[in-house]
Structures are given as C-alpha cells and as structure tokens.
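Structural characterization, general
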Amino acid sequence: MILVLENGIGAEQKAHVCRLLKRDGWSFAEVQGGTSPMFEVAGKPGQDHTRLRELPGVVRVIAPADPLKLAGRESHPQDTVVRVGDVMVGGDRLVVIAGPCSIESREQALTIAEEVKRFGAVLFRGGAYKPRSSPYAFQGMGEEGLKILAEVREKTGLRTVSEVVSPDKAELMLQYVDVLQIGARNMQNFELLKCVGKLGKPVLLKRGLSATIEEWLMSAEYILAEGNPNVILCERGIRTFEPYTRNTLDLSAIPVVKRLTHLPILVDPSHATGIREKVAPMARAAVAAGADGLTIEVHDEPEKALSDGAQSLLPEQFGQLMRDLYVIAPVVGKQMDLGYLDKAESVRRSRPGQADGMLRVVFPGESGTFSHKACTQYFGNEMIAVPMASSREVFGVVAAGDARFGLVPMENSLSGSVHENYDLLLEYELRIVGEVMLRIQYCLIAHPDTRIDQITRVYSHPDVLRQCRQFLAVQRWEQVSTTDEAAAVRMLKERGDATEAAIAGRDAAEICGMHVIEEGIETNPRNYTRFGVIGFRPLTAGPYRKTSLIYETGNRPGALYKTLGMFADKGVNLVKLESRPLHGKPWEYMFYVDVEADLESAANRSVLDALREMTDSLRVLGCYS
Ligand code: PEP
Ligand code: MN
C-alpha cells in the first residue's frame, strides 16, 4: 500500500505522520523519486487501512488495485480546465449550467434559455433522450430535441449540454450539442464511456446513484484512457436510507475529489434534492464547499413540465440564487461573473489587434500579488497580465496605448480608499471601466523544511504586516518591509535562509515553490479589496450598473446635503461617500461618490446635469458593471 503525502509537506508534519504510523503498528519506508512524497506502508493481516486516509498531510492511500493513472493528481498536479466555447470549466470563475430537465418544445427551450442567460448562466442544458425509470414516462424528443438545442445555441450564443444514452447516438448528438452528459444511470456503462472517450469532446460525468467516489473516478479514467482529457465531474446526490429528499447530496465529495484528482467538479442540487425549495440552499453550500460550478434545472412553467417540474426553479428564483452566489464566491476565492460571456467574447475579439495576438493587462507589483489574481478573475486566463513597478507606471502604459487595460486596487474594506490611484485617475485621462472584488487572505510562507519555531525574521509589505498584527504579536520576529508581498516571497526564496518567512497570498507561495505553514493569518477575516479596471472604454457595452464620481461642492452650508438630496429625489442609490482634503486648500474637501446607476445613460442625463449645476467641479471617473 502507498501513502501519498501532500506536495511540499514540511519536515515537521512528515515526522508527525511517521510517529502516528509507528504508534498504530504499521511498518513503513519512504519511497524515493516520486513526484510527491510517499511512504510504502504494510500492516498486519486484516489491519484496517481506511483510517490512514485521515492522517494529517496524507492525500491518498493507494491500495494495490487502484490505478488512478490519469485522473489522479500525482500524474497531473495542476487543475484541469475544460474549455466549452468561451467557457472555462475549472478556473477561478464559477460556471453555471441551467435549463429544463427535458426539451419539450422550441418555444419552451428558447424562452428558458433567454431567461437563464439574462441571469448569468453560461451553458444551457436540456435532455433530448431521457432515461426514465418508467417506460411509460416521457422519453424525450430525440433528434427533434437536438435540433432545438442547436437553435438555442444559434439564437442565444449559449453552448449546450445534453445527455447521451447510447453509443450509437453519440456522434449524431455532437452535430447539435457541445457537451455530452453521461447520466447517473449510465456511469458504469463502459461501452458508452469508451465511446465518448474516443470522440474527444467535453463530457459531463455524473456520479452514479450508488457509486463510491472511487468507482466514479474509475469511470472518468475510462474516458481519459481513450485520450479524451475533457472530463467534468458532477456530484448529483446518492441513494441513502433518507427518503425526505430524492437523493442525499454528498457535499463532502467536493473536497475529496479536489484532493484526489485534477478534474473540475460541478454540483447538481436539482437531482440531489428533488425539491424546488431545497435547491438554492444546497447550491450555495456547494459553492462554499469549493465546487467549480453548478448545473440547475429551470422551467418557466414547472407545473406543466414533462419531467422534474417539482425540482425546477422558476427563472426569478434562479436569478436570486445567482445574486447570492455573486456574494458567496469571493469568500472562497472565486468569482460569479455575471458578464462572463460578453466579456469573454470581447477578450477574444480584441486579440487580433494586439502585437502578440493577446489582450494585454498591466497591474502593479509582481506575479502572485492579489492585483495579479484580480486580473485573471476579471479577464479569464486568455490574456497576458504584465507586472509593472508601480501604479503610476500602470496608468502611463495604458494611457500610451501599450496595454488596453490596467488593474489597480481602489479600496480595501478595512483600510479604505487607495488615494494614490484616485489621484492618478484625476491626473490621467483614464476611466474606471470595470471592477472586481477579492477576499484578501494571507499565509505564513517559508522554505519547505522550515518549522515555525525556527523563524526569526519575516518579510512583507508594511500594510500586510499591519493586517496580520495579532498573529505577529505573539512571535518575536524581526519584521522587514518590502515593496509588495509577492516580492517578499521571491526574496525569501532567493536568500535561501530556513530561519526566514514571508507573508503573502497562497498564489505567491505556489509561484515560487515555497511552503504555506499557516493560512488565514490576517487579523480580520472580513478583508476584501475592490480593484478597478482602468482604460479608455469598457470591455462590453452598457448600460452599466455603477458610476464613480469625484466632485467639489465649495465651502457653502448644505452644499453636500443638496447633492445627496438630489440623488434621493431621483431614486439613485448611493453606495459610497468619502471626503478627502483638497490639495493646497486647507479645510476644503472633495467627495468620492459611487452610485448604483449608469449616470451617462440617456435615462439618467438629468441627474448628471443637476449635479453639474450644484458642484464647483465634477469628474465622472467611469460607468461600469
Ligand atoms: C438529468 O440531468 O436530467 C438527469 C437525468 O440526471 P441524473 O442522471 O443525474 O439523474
Ligand atoms: Mn432531470
């Protein structure tokens, strides 16, 4: 039996595993030369090896008949991202598939597709061949249904997902749909698995009704073994003794699968619960547990649905769920990007104009900073993010047209506005054209063999050291300031001193191959930064959700009050108001204001005109979504 340990496990943790193995009477020896640290472990006959999986730092226990050759993380440590048109399943942006259980008519499919697209779904689902428990139940529209799916794709631009029930239909299906779904009842239909493996197109592989995680992953292995790397897993609930819900959603499968394999995993809360009102809570929980996305049944007239009406969300309920996910996703380091498809299309279209065929985005600091992460979360991975020495350089490069966009921090939830970047917006003729919010979590990072009690010095940006004050207060470490936190990790690596550490985000540690000793060491966990995308024009067309303004009212009684009253009268919701001293004019102030409206759209012209009348100077920093 082989015990696979976490890559980059520290010496202290490894020694701890050895102690526990010894305590429980296992004999063991370290295996040299693998891509991950491993122990070969042998026990007495009948000794229960299942508990070995629970040891800290153990990723996997490989029993002799368990060759996850292709699906396992050992052979492929990086996460797999499956591409479906412009949609990337498995990246930092959540992917939501939505649509009816079955395609019932052209009107039904098109109506629902328009609705789910409006609320942010990026792929459309609908069964044309339905494997039903009863032979007398609706069996699907067959090829007619596939033709409707193709029309939905044509009219809405949404790529489509539909279930394949037999190998002889697979090729036909691919003329009409983009992702072949293997349903729960077919998870171990090995001929079907081999068939979709040979076709090479994206496959959504649902977990069988009574399948263990290992059996499910072996089914994925069948598809991969035929040379098709585009496998997306889907947890949809399993049969248990609990009859209240249709199935029992095994949410713990998400972290288990994430550790064992590199394949993306979606969750289907519709089939898992079978009850409309239970779908949204489980969908939210799935995202919180680290799922890469969801597949959800939506119907505009669920009471008339030919299958699974009882578990289908109404379009408005789906929209509300998407809003919730928009809030939850950043907490777990992801984004629910409600403008996903429009943005992806613009990124794709803007490429040919660039010298190297890619959209260029510049950000301040080094690779691995949160500004860098914000670039990929906003634009996706198909662009080049270029680090710059400073925010001023970012503005200079974008103003000169050498990069189409820049991305800079505008505001932190604990420390407030980043005034330098507001000043640069005033100085350059650039606008805020987008925003993205990230949760900021810091890690204590050191060399792989460093124990926390060996550390004597720690590097990071002064703001970061301040945000981790409580954690640092109990250590007697020398604190050394660096220009940004990713630079601190790079320095740590270059100096090669096992008594030193750095504080930065996890990405910076991964980029430099350093070890995370402790995660989440910031004093206040509600630590978010709002990044502004800067440029001349937004990536996508309006109307936009928000407008950022800066204005001066002059030192007159009630001057600010009048502007705010005008917003109230016109029904414009204020989401930020901050005063800032004017340079060289003691005790006079300008105001940063964000409102939830597109003030440059025709409908809101009168608001902007009224504001101009009331202020001494007014600058629209940008309208964006
Ligand atoms: C479906 O997606 O409509 C379906 C039948 O799912 P499952 O195979 O998970 O039951
Ligand atoms: Mn269904």
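Presented here is an overview of the structure given in this document. All figures in this text were calculated on a predicted structure; none of them were measured in a lab.

What counts, and at which threshold
Residues numbered from 1 in each chain as written. Chains lettered and ligands numbered in written order. Predicted model: local features only at pLDDT ≥ 70, side-chain atom pairs only at ≥ 80, totals over all residues. Heavy atoms only, no water. Salt bridge = Lys/Arg side-chain N within 4 Å of Asp/Glu carboxyl O. Helix = DSSP H or I, 4+ residues; strand = E, 2+ residues; numbered from the N terminus. Buried < 20%, exposed > 50% of the residue type's maximum accessible area, 1.4 Å probe, protein only. Near = heavy atom within 4 Å. Polar contact = N/O pair within 3.5 Å; in protein donor to acceptor, adjacent residues only side chain to side chain. Nonpolar A, V, L, I, M, F, W, Y, C, P; charged D, E, K, R; others polar. Axes fitted to C-alpha atoms, helices over the stretch in contact; angles between N-to-C directions. Parallel < 35°, antiparallel > 145°, perpendicular 65-115°, else oblique. Left-handed = near helix turned anticlockwise from the far one by under 90°. Contact = heavy atoms within 4.5 Å. Pairing = 2+ DSSP bridges.

**A look at the pattern of salt bridges**
One pass over the structure, following the stated rule, counts 53 salt bridges. Its salt-bridge partner being Arg-93, residue Asp-337 comes within 3.1 Å of it at the nearest N-O pair. Within this pair, whereas Asp-337 is found in the loop between α10 (315-328) and α11 (340-350), its partner Arg-93 is found in the loop between β6 (87-89) and β7 (95-99), the two being separated by 244 residues in sequence. When its relative accessible area of 9% is taken as the criterion, Asp-337 is described as buried. The exposure class assigned to Arg-93 is buried, which follows from its relative accessible area of 7%.

**A few points about unusual backbone geometry**
Cis geometry marks the peptide bond from Gly-542 to Pro-543; its omega dihedral reads 0°. At Asp-308, a position not held by glycine, the phi torsion is positive, near 55°. The residue Trp-587 is not glycine, and still its phi comes out positive at about 65°. Residue classification places Trp-587 among the exposed positions, given a relative accessible area of 72%.

**Quick word on the site of ligand 1**
Surrounding ligand 1, one finds Cys-101, Arg-125, Lys-130, Glu-163, Gln-181, Gly-183, Ala-184, Arg-185, Lys-206, Arg-236, His-271 and Glu-297. At 2.9 Å, a side-chain N or O of Lys-206 approaches an oxygen atom of ligand 1. Split by residue class, the shell around ligand 1 holds two nonpolar, three polar and seven charged.

**Concerning the packing of helix α4 (residues 167-174) against helix α5 (residues 190-199)**
Closest axis-to-axis distance for the α4/α5 pair is 9 Å, and the angle between their directions is 30°. One finds that α4 runs roughly parallel with respect to α5. With respect to the hand of their crossing, α4 and α5 are arranged in right-handed fashion. Of the residues in α5, those in contact with Pro-167, Ala-170, Glu-171 and Leu-174 of α4 are Glu-191, Leu-192, Cys-195 and Leu-199. Residues that form the contact of α4 with α5 fall into these classes: six nonpolar, no polar and two charged.

**Thoughts on the sheet that holds strand β28 (residues 585-595)**
In space, the four strands of this open sheet follow the order β27-β28-β26-β29, with antiparallel pairing throughout. The sheet is open, and its two edges are formed by β27 (574-582) and β29 (617-624), each paired on a single side. Taking the axes of each pair of neighbouring strands and ignoring which way they run, one obtains an average angle of 15° across the sheet. Pairing of strand β26 (residues 546-552) with β29 involves seven bridges; the strand directions are antiparallel. Across the sheet, the residue bridging to Lys-546 is Tyr-624, located in β29. Packing against the sheet, helix α14 (residues 419-427) makes contact with β26, β27, β28 and β29, and its axis sits at approximately 105° to β29. Its contacts with the sheet put helix α19 (residues 559-569) on β26, β27 and β28, and the angle it makes with β26 is roughly 160°.

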